Amino acid sequence: TSLVNTQTAHILALAMNLVKEEHRKTIAEDLIALLKKSNMHLTTGFVGTPFLCKVLSEEGYSEAAYELLFQKDFPSWLYEVDMGATTIWERWNSVLPDGSISGTGMNSLNHYTYGSIVQWMYENMCGLNLTEIGFKKFSVNPEYTDRFDFAEMEYDSAYGKIAVKWEKKEDGYGLYVKVPFDTEA
């Protein structure tokens, strides 16, 4: 168990490889316990949030990452969407349920850190990962879920458009990948 018993401490220990391999499983299980304690809501801020879902996927907890993505109440990404957000806010509660701006002082309505969930969506949900600089070579290994009938993305690489789509089929999943000329997937 971590001396600092927060989601962020566990996330950073795993993301930055600060723990020995034989302790990773325990730290990941402790992170899941902390998430369950918060009713599967994140309690992270600018430091931990960008790594949260990626760490969960790397440690074999992709469904926990999907569950975080689908939360609708504060604090969550879909809380912001349901409140009308078209950008990512500086604070999970920059806009209050009554539509007013939070009185916390700093309330930029356009901050990237919490938007880092999109990186997880590209790299894990859709499975696109760079294996050679510029996407000359890349891998596609989506983390399928029953929560969607399909997921798709496009990325304009230096070599051209890469597209990935997966969809549920009666007997599993179909995967479609567009590979630009002179690249390897």
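In this report, we go over the structure that sits alongside the text. Everything numeric in this text was worked out from a predicted model, so none of it was measured.

**Quick word on the side chain of Thr49**
Consideration 1: Within the fold, Thr49 resides in helix H3 (residues 49–58).
Consideration 2: Side chain to side chain, Thr49 and Thr44 meet in a polar contact 2.7 Å long.
Consideration 3: Among the polar contacts listed, one links the side chain of Thr49 to the backbone oxygen of Gly45, at a separation of 2.7 Å.

**Comments concerning helix H2 (residues 21–37)**
Consideration 1: Counted at 1.5 Å a residue, the expected span for H2 with its 17 residues is 24 Å, and the 25 Å between its end C-alpha atoms agrees.
Consideration 2: If you check which residues of H2 are buried, you get Arg24, Ile27, Ala28, Asp30, Leu31, Ile32, Leu34 and Leu35.
Consideration 3: In this structure, the buried residues of H2 make contact with helix H1 (7–15), H3 and helix H4 (62–70).

**A short note on the packing of H1 against H3**
If you want to describe how two helices pack, look at the angle between their axes and the distance between the axes.
Consideration 1: Relative orientation of the contacting elements H1 and H3 amounts to 65 degrees, with a least axis distance of 9 Å. Handedness of the H1/H3 crossing: left-handed. Along the contact surface, H1 presents Ile11, Leu12, Leu14 and Ala15, while H3 presents Phe51, Leu52 and Val55.
Consideration 2: A breakdown of the residues in the contact of H1 with H3 according to their chemical character gives seven nonpolar, no polar and no charged.

Cut-offs applied
- Residues numbered from 1 in each chain as written.
- Predicted model: local features only at pLDDT ≥ 70, side-chain atom pairs only at ≥ 80, totals over all residues.
- Heavy atoms only, no water.
- Helix = DSSP H or I, 4+ residues; strand = E, 2+ residues; numbered from the N terminus.
- Polar contact = N/O pair within 3.5 Å; in protein donor to acceptor, adjacent residues only side chain to side chain.
- Expected span 1.5 Å × (residues − 1).
- Buried < 20%, exposed > 50% of the residue type's maximum accessible area, 1.4 Å probe, protein only.
- Contact = heavy atoms within 4.5 Å.
- Axes fitted to C-alpha atoms, helices over the stretch in contact; angles between N-to-C directions.
- Left-handed = near helix turned anticlockwise from the far one by under 90°.
- Nonpolar A, V, L, I, M, F, W, Y, C, P; charged D, E, K, R; others polar.

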